[in-house]
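Chain and residue survey
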Amino acid sequence: MFGVDLPDNAAEAREAVSHFLSEMSSVAARTYPAWSRMLNDGLAEHSLSYDERRGLLEVHPIDDYYFAGVVALDAARIRGLYSPAEAAELLGEIGEQVDAAAGRQDRVVSDLVFLMLGRIELNTGITQMKTPYDKVVKTILQHIGINKIESTRSLMRDKGFRHLLGEPLAVGVPQWWRAFQSKFTLYWAEPEEMDEEETEMALHNLAMSTASPDRLKRRTVRRKAASFLHG
C-alpha cells in the first residue's frame, strides 16, 4: 500500500522483509544439517578424488546456497499474493537485504535467489506447486558443479536423490508470506526529509560520483525483480 492512511494492521515493508529473512535463516539453520548429510551420503556412493571432493564441498558456500533456496521457495509466492508494483518492491527489498542476512559482503546469495525464482516460475509455477523445490535442488547441485564431474553427473538425473534433497525444503519451509498477507497490510515508509545541510551534502556526493555502490546494488536487484515479474 502506497498511501498515508494506515490501518491498524499496517506493517512496514522493509521491516517485514527483515522478519521474513530472519525466519528463513532459522529455517535454513534447522534443516540444513539433515540436507547436508543426505548430500554427503549421495556423494559417498561415487568415486571421487580428493581434489574432486574438495572442489564440490569445500570451495563452495553450500550453506549459503541452501539459504538462498529456502528464501526463493517462499519468495516465489509473493507474485501471487500482491500487486505487481508491491511484488516488485518486496522482491527488490529481499534482494537488497538477503546477502547481509547471510553474512556476506558480495551478491552471491541475492544472485542465486533471483536465478532460482526465474527457474521456479519458468519451469513449474509456484501456484501449481509442481515440485518447485526440485528446481531449487537442481540449481544448487549445478552451482556446486556436480554435473561437471563424470562420476557424479548421474546424480543430476537421479530423481530419487533429488527428491530426498528436496524433502527438507518441501516440508520445512513455511508459507511465511501467505500467513503474513492474511494478517497484515503492507505499507512503504516515506523517504525521510533532509535538512538543508544534508541536502547540500547529498548533492555534493551525487556530483562526485554518478552511482554509489549501494545505489548500483539497488539498481541491480530492482532490475532482477522486474525481470522475474515481467520475464
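As the structure is a prediction and not an experimental result, all values here were calculated from the model.

1. Considerations on helix α9 (residues 176–183)
- For α9, the complete set of buried residues consists of W176, W177 and F180. For α9, the angular spread of the buried residues around the axis is 85°, confining them to a single face.
- At its buried positions, α9 is contacted by β1 (10–12), α1 (13–44), α3 (62–75), α4 (78–81), α5 (84–101) and β2 (185–187).

2. A few points about the confidence of the model for the chain
- Scored by pLDDT, the chain has a mean of 80; 74% of the residues are at 70 or more.
- Across the chain, α3 holds the top mean pLDDT of 96, while helix α11 (residues 213–230) sits lowest at 50.
- Here residues 206–216 scores under 50 on pLDDT; set against residues more than four positions off or in separate chains, the count is 6 contacts.

3. What to know about the packing of α3 against α5
- In contact at an axis separation of 12 Å, α3 and α5 are set at 160° when each is read in the N-to-C sense. Regarding the angle of α3 to α5, the classification is roughly antiparallel. Handedness of the crossing formed by α3 with α5: right-handed. Taken together, the residues of α5 that come into contact with α3 (itself represented by F67, V71 and A75) are L91, I94, V98 and A101.
- Looking at the contact of α3 with α5 residue by residue, the classes come out as 7 nonpolar, no polar and no charged.

4. Details of the pattern of salt bridges
- For the coordinates displayed, the defined rule picks out 6 salt bridges.
- Two residues, R104 and D106, come together in a salt bridge whose shortest N-O distance is 2.8 Å.
- What makes D106 partly exposed here is its relative accessible area of 31%.
- For D134, the salt bridge is made with R162, and the minimal N-O distance between the two is 2.8 Å. On the criterion of sequence distance, the pair formed by D134 in helix α7 (residues 132–144) and R162 in helix α8 (residues 159–172) is long-range, its members being 28 residues apart.
- Classification of R162 by relative accessible area gives buried; the value is 7%.

5. Here's the deal with the side chain of S110
- Structurally, S110 is set in helix α6 (residues 108–123).
- Judged by its relative accessible area of 1%, S110 is buried.
- A polar contact is formed between the side chain of S110 and the side chain of D99, at a distance of 2.7 Å.
- In this structure, S110 is in contact with G95, V98 and D99, ignoring residues within four places of it in sequence.

6. Details of α3
- The end-to-end C-alpha distance of α3, which contains 14 residues, comes to 20 Å, matching closely the 20 Å that a straight helix rising 1.5 Å per residue would cover.
- A large share of α3 lies buried, amounting to 13 of its 14 residues.

7. Considerations on the nonpolar core
- Core analysis: the largest hydrophobic core is formed by 59 residues, its most contacted members being L39, I94 and W177.
- For this core, the leading source of residues is α1, giving 11 residues.
- The contact partners of W177, leaving out residues within four places of it in the chain, are A16, V17, F20, D74, A75, I78, L81, Y82, L90 and I94.

8. Here's the deal with the packing of aromatic side chains
- This model, assessed by the stated rule, comprises 10 aromatic pairs.
- Relative to W177, the ring of F20 has its centre 5.2 Å away and its plane inclined at 45°; by these criteria the two rings are tilted. With F20 in helix α1 and W177 in helix α9, this residue pair connects regions lying 157 residues apart in the sequence. For the residue pair F20 and W177, the accessibility class agrees, reading buried in each case.
- A centroid spacing of 4.7 Å and a plane angle of 80° characterise the contact between W176 and W177, whose relative ring orientation is edge-to-face. Here W176 and W177 have matching classes, each one buried.

9. Structural notes on the environment of A88
- Relative to the assigned elements, A88 resides in helix α5.
- Linking A88 and I78, residues 10 residues apart in sequence, is a C-alpha distance of 9.1 Å.

10. Some words on the packing of α1 against α8
- Look at α1 against α8: their axes get within 10 Å of each other, and the N-to-C directions meet at 175°. The angle between α1 and α8 places the two elements in the roughly antiparallel class. Contacts between α1 and α8 involve V27, R30, T31, W35, M38, L39 and G42 from the former and F161, L164, L165, P168 and G172 from the latter.
- Considered class by class, the residues forming the contact of α1 with α8 number 8 nonpolar, 3 polar and 1 charged.

Rules and cut-offs
Residues numbered from 1 in each chain as written. Predicted model: local features only at pLDDT ≥ 70, side-chain atom pairs only at ≥ 80, totals over all residues. Heavy atoms only, no water. Buried < 20%, exposed > 50% of the residue type's maximum accessible area, 1.4 Å probe, protein only. Helix = DSSP H or I, 4+ residues; strand = E, 2+ residues; numbered from the N terminus. Arc of directions from axis to C-beta. Contact = heavy atoms within 4.5 Å. pLDDT = per-residue confidence, 0-100. Axes fitted to C-alpha atoms, helices over the stretch in contact; angles between N-to-C directions. Parallel < 35°, antiparallel > 145°, perpendicular 65-115°, else oblique. Left-handed = near helix turned anticlockwise from the far one by under 90°. Nonpolar A, V, L, I, M, F, W, Y, C, P; charged D, E, K, R; others polar. Salt bridge = Lys/Arg side-chain N within 4 Å of Asp/Glu carboxyl O. Polar contact = N/O pair within 3.5 Å; in protein donor to acceptor, adjacent residues only side chain to side chain. Expected span 1.5 Å × (residues − 1). Core = buried A, V, L, I, M, F, W, Y, C linked by side-chain atoms within 4.5 Å. Phe/Tyr/Trp six-rings, centres within 6.5 Å; stacked < 30°, edge-to-face > 60°.

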